[in-house]
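A closer look at the structure
Now for the letters of each chain:
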Amino acid sequence: MNFWEYLGSHHRQLLTDAGQHAGAVFGCMVVATVIGVLTGLATCRRAWAARLATTAGPSILAIPPLAVLGLLIPLVGLGVAPTMIALTLYGLLPVARHAIVGLGGVDSSPAGTAKSLGVSRVAWYVRVGLPLAWPSILTGIRGSTRMLMGITAIAACVSGPGLGKEIFRGLAAPDSENALDEVLAGTLGIVVLTLLFDVAYVLLGQLTSGGWAGLRGRGAQPSAEREGDGEGVRV
């Protein structure tokens, strides 16, 4: 049986595994993005907190995913639970870092800008701060998604969902007839999913950047108006 025959005879299982793989990554990225952006909002105006968040991220990412999954097994067992916890943890760190950097570069005095716009500080972040920081946040999301695609494959060692099961099945029986086909099918499937997610993010970036261009312009107007009285604020 060659590779194409293997795909033809196992396409249903491969599509199921691919759907589980994509679903796990997407679901964890949604949670990670929400937590990461909230972390950025909470720390971007506190220098010590921002430094702590940005320096702790790389340190945690240095821990091998396999070690994290192993530590989670006594707490939550095997299967989906340790996979989702590990994916969310690894996914939110780059998003939080990029959110802090993006929001930190928007304005040094959001309270003053919010007052000039006649809105609350929270409303200023929603209307001006987050749209301006969105390109940086989206960069973090794209990087996290690529990373989670690989980590999800590793999670197959703790009975996690996804295409990693194909890879580990082939690695577990290297002398079997379909060993290479299984590893190749799982690997190529992950590559295809990663490319599809990346294309989706590019399209999302193009759509949102056009929709928020007006918000950037309106957010910058008070800066120009206030420069004359020596209180200009960069937005």
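Keep in mind it's a predicted model, so treat the numbers as computed, not measured.

Notes on the pattern of salt bridges
- By the definition in use, this model includes 4 salt bridges.
- For Arg 142, the salt bridge goes to Asp 198, with nearest N and O atoms at 2.9 Å. Here the residue Arg 142 occupies a position in helix 6 (residues 121-154), and Asp 198 occupies one in helix 8 (residues 179-211), the gap between them amounting to 56 residues.
- Between Glu 166 and Arg 169 there is a salt bridge whose closest N-O contact spans 2.7 Å. Taken together, the residues span about one helical turn, with Glu 166 and Arg 169 both in helix 7 (residues 164-172) at a distance of 3 residues.
- One continuous salt-bridge network, built from bridges that share partners, spans Arg 142, Arg 146 and Asp 198.

Here's the deal with the environment of Gly 205
- As for its placement among the helices and strands, Gly 205 is situated in helix 8.
- Classification of Gly 205 as buried rests on a relative accessible area of 16%.
- Separated by 67 residues in sequence, Gly 205 and Leu 138 place their C-alpha atoms 7.3 Å apart.

Things to note about a nonpolar patch on the surface
- Residues Phe 26, Val 30, Val 31, Val 34, Ile 35 and Leu 38 make up a contiguous nonpolar surface patch of roughly 520 Å² in combined accessible area.
- Take Val 31: it is sitting in helix 1 (residues 3-43).

Notes on the nonpolar core
- Membership of the largest hydrophobic core comes to 38 residues, with the highest contact counts inside it found for Met 29, Ile 137, Ile 141 and Leu 148.
- When contributions to this core are tallied by element, the ones reaching two or more residues are helix 1, helix 3 (65-76), helix 4 (80-104), helix 6 and helix 8.
- Top contributing element to this core by residue count: helix 6, with 12 residues.
- Dropping the residues within four chain positions of it, Met 29 is found in contact with Gly 91, Val 95, Ile 141, Ser 144, Thr 145, Leu 148 and Tyr 201.

Criteria and cut-off values
All chains use their own residue numbering, which begins from 1 and follows the written sequence. pLDDT decides what is reported in this predicted model: residues at 70 or higher carry local features, side-chain atom pairs at 80 or more are listed and counted, and totals for whole chains, interfaces and linings draw on all residues regardless. To get the side-chain values, all heavy atoms of the structure are used, and hydrogens and water are removed first. A side-chain nitrogen of Lys or Arg and a carboxyl oxygen of Asp or Glu constitute a salt bridge if their distance falls within 4 Å. Helix numbering and strand numbering both begin at the N terminus, where a helix is a DSSP run of H or I of at least 4 residues and a strand a DSSP run of E of at least 2. The rule is simple: take the accessible area with a 1.4 Å probe, protein chains only, and divide by the maximum for that residue type; under 20% is buried, over 50% is exposed, in between is partly exposed. To count toward a patch, a residue needs a relative accessible area over 30% and no salt bridge; like charges are then connected within 9 Å, while nonpolar side chains (Val, Leu, Ile, Met, Phe, Trp, Tyr) are connected within 5 Å. Values of accessible area rely on a 1.4 Å probe in the Shrake-Rupley scheme; residue burial ignores everything except the protein chains shown. Throughout, nonpolar core names a set of buried Ala, Val, Leu, Ile, Met, Phe, Trp, Tyr and Cys residues whose side chains join them through atoms within 4.5 Å. In what follows, a contact means two residues having at least one pair of non-hydrogen atoms within 4.5 Å.

The values reported here are purely geometric and, on their own, carry no functional implication.
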